[in-house]
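Report on the structure
Here is how the chains run, residue by residue.
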Number of protein chains: 2
Amino acid sequence: MEARHDHTHGADAADAVRAEIYGEDGVILASFLAHIGAAIADRDTLTLKRDVSVLHQSELGHLLEALLPEQRLALVELMGSDFDFSALTEVDEAIRLDIVDNLPNAQIAQAVQELDSDDAVYILEDLDAEDQDEILAQLPFTERIRLRRSLDYPEESAGRRMQTEFVAVPPFWTIGQTIDYLRDDKDLPDRFSQVFVIDPSFKLLGAVDLDQILRTKRAIKIEEVMHETRHAIPATMDQEEAAREFEQYDLLSAAVVDENERLVGVLTIDDVVDVIQQEAEEDLLRMGGVGDEELSDTVAATSRSRVPWLLVNLGTAFISASVISQFGATIEEMVALAALMPIVASLGGNAGTQTMTVTVRALATRDLDIYNAGRVIRREVMVGLLNGAVIATILGLVAGLWFHNPDLGFVIAAAMVLNMLAAALGGILIPLLLDKFGADPAISSSIFTTMITDVIGFLAFLSLATWWLHLGAAAG
Amino acid sequence: MEARHDHTHGADAADAVRAEIYGEDGVILASFLAHIGAAIADRDTLTLKRDVSVLHQSELGHLLEALLPEQRLALVELMGSDFDFSALTEVDEAIRLDIVDNLPNAQIAQAVQELDSDDAVYILEDLDAEDQDEILAQLPFTERIRLRRSLDYPEESAGRRMQTEFVAVPPFWTIGQTIDYLRDDKDLPDRFSQVFVIDPSFKLLGAVDLDQILRTKRAIKIEEVMHETRHAIPATMDQEEAAREFEQYDLLSAAVVDENERLVGVLTIDDVVDVIQQEAEEDLLRMGGVGDEELSDTVAATSRSRVPWLLVNLGTAFISASVISQFGATIEEMVALAALMPIVASLGGNAGTQTMTVTVRALATRDLDIYNAGRVIRREVMVGLLNGAVIATILGLVAGLWFHNPDLGFVIAAAMVLNMLAAALGGILIPLLLDKFGADPAISSSIFTTMITDVIGFLAFLSLATWWLHLGAAAG
């Protein structure tokens, strides 16, 4: 396989330097940044090669993010072949594209050959097809075929994230033969935690963990100690599903197989950790009404990604407004209602968001299923009624005292209980229904939940108030 | 070390069964659940031992969660020593406590001895001190000392999550000696991915990855191939910080050391994956206004954890209401304002939530720091103005047409732009300030951000409207 930077040693040497890179708070020190900035300005390649090439790829990534855009490019150019391109997998997409787009394709082709295949794919996949082809054309045949195959798998699939370098042996080898092979072969992947067992057509037969090899006598055959690869991952499997397998079965690495059950690569836990982070982040951002945003996105890109959600919200806000406008006469009669009505809507919205957040998360982690849905719905309704009673009591007392009108207190308290019930039902049923119909509950639940609590909040409060005012008028 | 269930083989055999456990959607099949339920009802221990002991601990965890509370206890009792207690680390805390509290301490002591130390600590740490002491007293001396030490470390520290079983050798051993030792020692931990190197006082000198041992000649000394353990984790380090080290440096396992740099345990990536999940989940739940909730919590516990946030929200809602009540005369004069004012507040709230979500997440992942804060603040302000212009234009047009009043359209549009600007500033500055003063921005940012957008929204719209009405009155 390919020659590569030795990250292990790089990171070792980095230990001495590291204390000088990060401050107490884990942020890159201003002094280190100034030092590197000065070396870039002076085009002092010696200093840069000495102080930057010892950095771990993630540290170099942090450094790139902290530098100014023009400094980043200058750094990459000044370091030449000493620049560790795997650092580009650690930075925001916008920064990665900015660097890669400004480098000649020949230099990227050179750099890509020194990377693990998963890192190479990570960098190549964001480029347009033309640049991809030009870069791939400059690679040796086997490299090209391998990267092409990874890139041909769908986005966010296991095939995109896998490493195509792995160790595989036939089942009839002994442990001794295997160890001797590992000692002699100079083309081993940088890091590996299991040895795969394959037949002559590369069909996957099993795997042996390294600790198993080490605790077994030399004469024993591989097939006697190998375990079936119970968790072989199809290359087309979505990375999120693959991550779930890793989590559930505490895997360190898993074989990736093509549609003919042939071994094509290995997925490792460090890539999966990134996927887990990403997926959790995605849910959080979606619930906040933002899409795949990064901090380095431009104003235009950020605005474009956020406006659609605001437009939907504008639509639902008009629905609420039209509900209120039906009660113009009542509000004119008693203007205190205008001041109090947002309280009912706001608290309902927050209670609904609480239930919805728990539901969306439980769906994502598969903690919520048909076996407990009924029980959870009952619980949410009970909690809604209980919290509704607490909040309604306080709200009713304060509103009644504020406007010297106990009846108004009763009206708002009753509306509050109704809206808390609506919030509980909406907060759990909306995500459940969206999930059932194949929509992502993280994206759209909060629009619908708040729409319901707004509409029910205004409607309940204003119609109860109207009824009570007329009752008063009729009695009077 | 201790005798244990062989999980590898258990999981292997489980492969055949697994297809029958989970349906297409990853949820436990009703048929499997009915089968186990019937066996429990019939007290058919033979069937249970055959079909349940092949399950992976996570599968057994899912099964427990799907069973009724009384079935769970019956299952544990019927399976006796064949029940894999590590499954208890995979279920909700409420379920774990329910099972453990209902078992005799002697049985728990028996079970704990068969677990990895990290799983044992996970189960013991939730018990009250009295039960802990009683269980620990029934364990052999070394076990007891080890678990006691782990439990003495603070909650959520690396010391609590570490495994105290590890492989350590002296630096002067050769690779050959090390392999022979691994082949002969029957007391090895179940799984390990590196061998630690220590001096006679257990002081950590370094580590060797297993793949490194396998590719090195027998005659070479350990000290020649070991690398310094650059990422040794102090046992008192917070688990979240330890997880960040694993993520940044792609570690599979790391040595845990005490205050004298002596090796006390090993932290492995599978435990760290759980921590990463938990931390991401915590942020999501906190932003949704819920604390450490679990689906199996009771109504009372859930209500108790959610009411405080609703009470704070009630307080801020009264502030908004008091702002509105200042403009009673204006609203009486033009009741359309009452219908339109929630639109300005609601859209500001959503825009503020968008900015705040991005900011809170970026702070959690340390993507936002002093080097880009200025740029990000500028970007958010620009996005706020741009999106404000888009939304204000549409809102102004629709409101003007709806109430046949173009001036009203201008007033609401101007108020909308002002509130979007307030939303952008609030959404980024509030989490930044909370973070700077050591508060968790995930918990309190959304209260303050929505308070600002509500108050500014109502204030801007109603005061502009008042000014414009008076202008009209003065002109007329």
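All values derive from a computational prediction rather than experimental measurement. (Residues numbered from 1 in each chain as written. Chains lettered and ligands numbered in written order. Predicted model: local features only at pLDDT ≥ 70, side-chain atom pairs only at ≥ 80, totals over all residues. Heavy atoms only, no water.)

**Digging into the packing of helix α16 (residues 269-287) of chain A against helix α16 (residues 269-287) of chain B**
The interhelical angle for the contact between α16(A) and α16(B), taken along N-to-C directions, is 10 degrees, at an axis separation of 10 Å. One element, α16(A), and the other, α16(B), form an angle in the roughly parallel class. For the pair formed by α16(A) and α16(B), the contact residues are Ile269(A), Val273(A), Ile276(A), Gln277(A), Ala280(A), Asp283(A), Leu284(A) and Met287(A) on the first element and Ile269(B), Val273(B), Ile276(B), Gln277(B), Ala280(B), Asp283(B), Leu284(B) and Met287(B) on the second. Here the contact of α16(A) with α16(B) is composed, by residue class, of 12 nonpolar, 2 polar and 2 charged. (Axes fitted to C-alpha atoms, helices over the stretch in contact; angles between N-to-C directions. Helix = DSSP H or I, 4+ residues; strand = E, 2+ residues; numbered from the N terminus. Parallel < 35°, antiparallel > 145°, perpendicular 65-115°, else oblique. Contact = heavy atoms within 4.5 Å. Nonpolar A, V, L, I, M, F, W, Y, C, P; charged D, E, K, R; others polar.)

**Here's the deal with the pairing of strand β5 (residues 253-257) of chain A**
Walk down a regular strand and you will see the side chains alternate between the two sheet faces. All names here are of chain A. With 5 of 5 residues buried, β5 is to be regarded as a mostly interior element. Examined bridge by bridge, strand β4 (residues 233-234) and β5 share 2 bridges and lie parallel to one another. Paired with Ile-233 across the two strands is Val-256, which belongs to β5. Summarising the sheet, β5 and strand β6 (residues 263-268) pair through 5 bridges and their orientation is antiparallel. The partner of Ala-255 across the bridge, within β6, is Val-266. (Buried < 20%, exposed > 50% of the residue type's maximum accessible area, 1.4 Å probe, protein only. Pairing = 2+ DSSP bridges.)

**Things to note about the sheet that holds strand β5 (residues 253-257) of chain B**
One open sheet accounts for 3 strands, arranged β4-β5-β6 (chain B); its pairing is mixed. In this open sheet, the two strands that pair with only one neighbour each are β4 (233-234) and β6 (263-268) of chain B.

**Comments concerning helix α17 (residues 299-325) of chain A**
In a regular helix each residue adds 1.5 Å, so 27 residues correspond to 39 Å; α17(A) covers 36 Å between its end C-alpha atoms and thus fits that length. At Val307(A), α17(A) shows its maximal bend, which comes to roughly 30 degrees, and the proline Pro308(A) appears one to four places after that position. (Expected span 1.5 Å × (residues − 1). Bend = angle between axes of the 7 residues up to and from the residue.)

**Structural notes on the environment of Asp270(B)**
For Asp270(B), the location among the structural elements is in helix α16. One polar contact links Asp270(B) to Thr268(B), side chain to side chain, over a distance of 2.7 Å. (Polar contact = N/O pair within 3.5 Å; in protein donor to acceptor, adjacent residues only side chain to side chain.)

**Here's the deal with the packing of helix α20 (residues 373-402) of chain B against helix α21 (residues 406-436) of chain B**
Residue and element names in this part refer to chain B. The interhelical angle for the contact between α20 and α21, taken along N-to-C directions, is 155 degrees, at an axis separation of 7 Å. The orientation of α20 relative to α21 falls into the category roughly antiparallel. Every pair of crossing elements has a handedness; the one defined by α20 and α21 is right-handed. Classifying every residue of the contact of α20 with α21 by side-chain character gives 21 nonpolar, 6 polar and 1 charged. (Left-handed = near helix turned anticlockwise from the far one by under 90°.)

**Examining the pattern of salt bridges**
The final tally for this structure, using the stated rule, is 40 salt bridges over all chains. One salt bridge in this structure joins Glu282(A) and Arg286(A), with 3.3 Å as the shortest N-O distance. Remark: Arg286(A) and Glu282(A) occur in helix α16; sequence separation between them is 4 residues, near one turn of the helix. Arg244(B) serves as the salt-bridge partner of Glu240(B), at 4.0 Å between the closest nitrogen and oxygen. With a gap of 4 residues between them, Glu240(B) and Arg244(B) both fall in helix α15 (residues 239-249), about one helical turn apart. Judged by its relative accessible area of 32%, Glu240(B) falls in the partly exposed class. Residues participating in the shared-partner salt-bridge network are Glu293(A), Arg306(A), Arg379(B) and Glu380(B). (Salt bridge = Lys/Arg side-chain N within 4 Å of Asp/Glu carboxyl O.)

**Some words on the UniProt feature "transmembrane region" (unreviewed entry) in chain A**
Residues and elements named next belong to chain A. Per the UniProt entry, the sites bearing "transmembrane region" (unreviewed entry) are residues 310-329, 335-360, 381-403, 409-434 and 446-469 in this numbering. For residues 381-403, helix accounts for 96% and strand for 0%, while the C-alpha atoms at its two ends are 31 Å apart. Helix makes up 100% of residues 446-469 and strand 0%, and the two end C-alpha atoms of the span are 34 Å apart. (UniProt positions renumbered as here; feature names shortened; annotations may be inferred.)

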